[in-house]
Amino acid sequence: MIDIFKRLAPSYANIVRNLAIDVWYERESFDKFITSAERFKQRYERELAEHYRRLKYPFRRSEIRDLADEWLADQVTIYGKVQEVADDKKKNLQIKLDESKDKKREEVSKLIEEAKRHEGRIARVLSFADNLEKRSEQIGEDQAFELATKINHQVVEQISGVYVWKTQEDSRVRKTHRKLANKIFAYDDPPTTEGPYGHVHTGHPGTDWGCRCWEEAARGKPLRGYIVRG
């Protein structure tokens, strides 16, 4: 499963990044974005179905398709979110332009126009989005994980009442979730995490904000009433 995440999530991150660039330059982007999202969805469906067949997990392809279709509908909201991020950045750039003390307004305007003609260099010219591109990539990656974790949750929950908590095994995994890794939990008694800044969450993998964790079918005695603090 983690191989599917690592192989496919970056491709959707790139789709949303390209959307951000199109939105920034006010190019027609909605149809292009939804078409790319549809193709990504179909690819993810195929990869996950093959993954479950290899593991001999019982599943219905129609369930995967239904959840994937729900995800695709949600991408309309993501389009709006990227538009919002871009608009905020443009507003901030205008504020910086208005507040500029050491450069003539005309000189800054020329920089902006030059950046528009050379979009590949805009990050260096005007610190593009204080990372609009990076933020958009993160949105895309999060959406890719959400698609897979929802489908995976439904498939695995039907197999057993318990699961093994799995992480992406990289530096972005939060400390509390690293402590949950490879432990067995019951669907009727999910673990609770308490973050260093007072954030408390009780739930299964992928349900906390920005969580990219996922489930794997398991056998064994689950931990109950489990709490971890980070």
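What you see is a predicted model; the values in this text were computed from it and never measured.

### Examining the overall build of the protein chain
On a plain count of helices and strands, the protein chain comes out with seven helices and six strands. Taken from the N to the C terminus, the helices and strands of the protein chain come in the order α-α-α-α-α-α-β-α-β-β-β-β-β. Each of the 230 residues in the protein chain was classed as buried or not, and the buried ones make up 43%.

### Quick notes on the sheet that holds strand 5 (residues 214-217)
Read from one edge to the other, the open sheet built from three strands follows the order 2-1-5, with strand pairing classed as antiparallel. Since the sheet does not close on itself, it has two edges, and those belong to strand 2 (184-186) and strand 5, each with one partner. Each adjacent strand pair in this sheet contributes to an overall mean axis angle of 45°, direction not counted. Pairing of strand 1 (residues 162-166) with strand 2, which is carried by three bridges, proceeds in the antiparallel orientation.

### Quick notes on the nonpolar core
Of all hydrophobic cores here, the largest spans 51 residues; its most connected members are Tyr12, Phe33, Phe40, Tyr44, Leu48, Tyr52 and Ile151. It is helix 1 (residues 2-24) that contributes the most residues to this core, 13 residues altogether. With near-sequence residues (within four places) excluded, Tyr52 lies in contact with Met1, Tyr57, Phe59, Ile64, Ile151, Asn152 and Val155. Listed in part, the five residues of the second largest apolar core include Val164, Ile184, Ala186 and Ala218.

### Here's the deal with unusual backbone geometry
A positive phi angle, near 60°, is found at Glu169, a position not held by glycine. The residue Glu169 is located in the loop between strand 1 and helix 7 (175-180) in this model. By relative accessible area, Glu169 is classed as exposed at 61%. Not every positive phi belongs to a glycine, and Asn182 is a case in point at roughly 65°. On the basis of relative accessible area, Asn182 is assigned to the exposed category, the value being 53%.

### Comments concerning the confidence of the model for the protein chain
Reading fine detail from the predicted coordinates is not recommended where pLDDT is low. The predicted model of the protein chain averages 86 in pLDDT, with 83% of residues at 70 or higher. Here helix 5 (residues 122-126) stands out as the element of the protein chain with the lowest mean pLDDT, 40, in contrast to strand 2, whose mean of 98 is the highest. Counting contacts from residues 120-128, a segment whose pLDDT is below 50, to residues more than four positions away or on other chains yields 18 contacts.

### Comments concerning the pairing of strand 1
Extensive coverage of strand 1 is indicated by the burial of five of its five residues. Along strand 1, one buried face is formed by Val162, Val164 and Lys166 and the opposite face, lined by Tyr163 and Trp165, is buried too. By the bridge criterion, four bridges tie strand 1 to strand 5 in an arrangement that is antiparallel. Bridge pairing links Tyr163 to Ala217 in strand 5.

### Description of the pattern of salt bridges
Per the stated rule, a full pass over the model turns up 18 salt bridges. A salt bridge links Glu194 to Arg229, with the shortest nitrogen-to-oxygen separation between them at 3.0 Å. With a gap of 35 residues between them, Glu194 in strand 3 (residues 192-194) and Arg229 in strand 6 (residues 227-229) connect regions that are remote in the sequence. A cluster of three or more residues bridged by salt bridges with shared partners is formed by Glu38, Lys41, Glu45 and Asp69.

### Topic: the sheet that holds strand 4 (residues 200-202)
Pairing is mixed in the open sheet, where three strands are placed in the order 4-3-6. Every other strand in the sheet has two partners, leaving strand 4 and strand 6 as the edge strands with one partner each. For this sheet the average axis-to-axis angle between neighbouring strands, irrespective of direction, equals 15°. Relative to strand 4, strand 3 runs antiparallel, the two sharing three bridges. Its bridge partner being in strand 4, Thr192 is matched across the sheet by Thr202.

### Side note on the environment of Gly140
Within the secondary structure, Gly140 is located in helix 6 (residues 132-159). Judged by its relative accessible area of 0%, Gly140 is buried. Each C-alpha atom of the pair Gly140 and Leu19 lies 9.9 Å from the other, and the pair is 121 residues apart in sequence.

Thresholds, definitions, all that
- Residues numbered from 1 in each chain as written.
- Predicted model: local features only at pLDDT ≥ 70, side-chain atom pairs only at ≥ 80, totals over all residues.
- Heavy atoms only, no water.
- Helix = DSSP H or I, 4+ residues; strand = E, 2+ residues; numbered from the N terminus.
- Buried < 20%, exposed > 50% of the residue type's maximum accessible area, 1.4 Å probe, protein only.
- Pairing = 2+ DSSP bridges.
- Axes fitted to C-alpha atoms, helices over the stretch in contact; angles between N-to-C directions.
- Core = buried A, V, L, I, M, F, W, Y, C linked by side-chain atoms within 4.5 Å.
- Contact = heavy atoms within 4.5 Å.
- pLDDT = per-residue confidence, 0-100.
- Salt bridge = Lys/Arg side-chain N within 4 Å of Asp/Glu carboxyl O.

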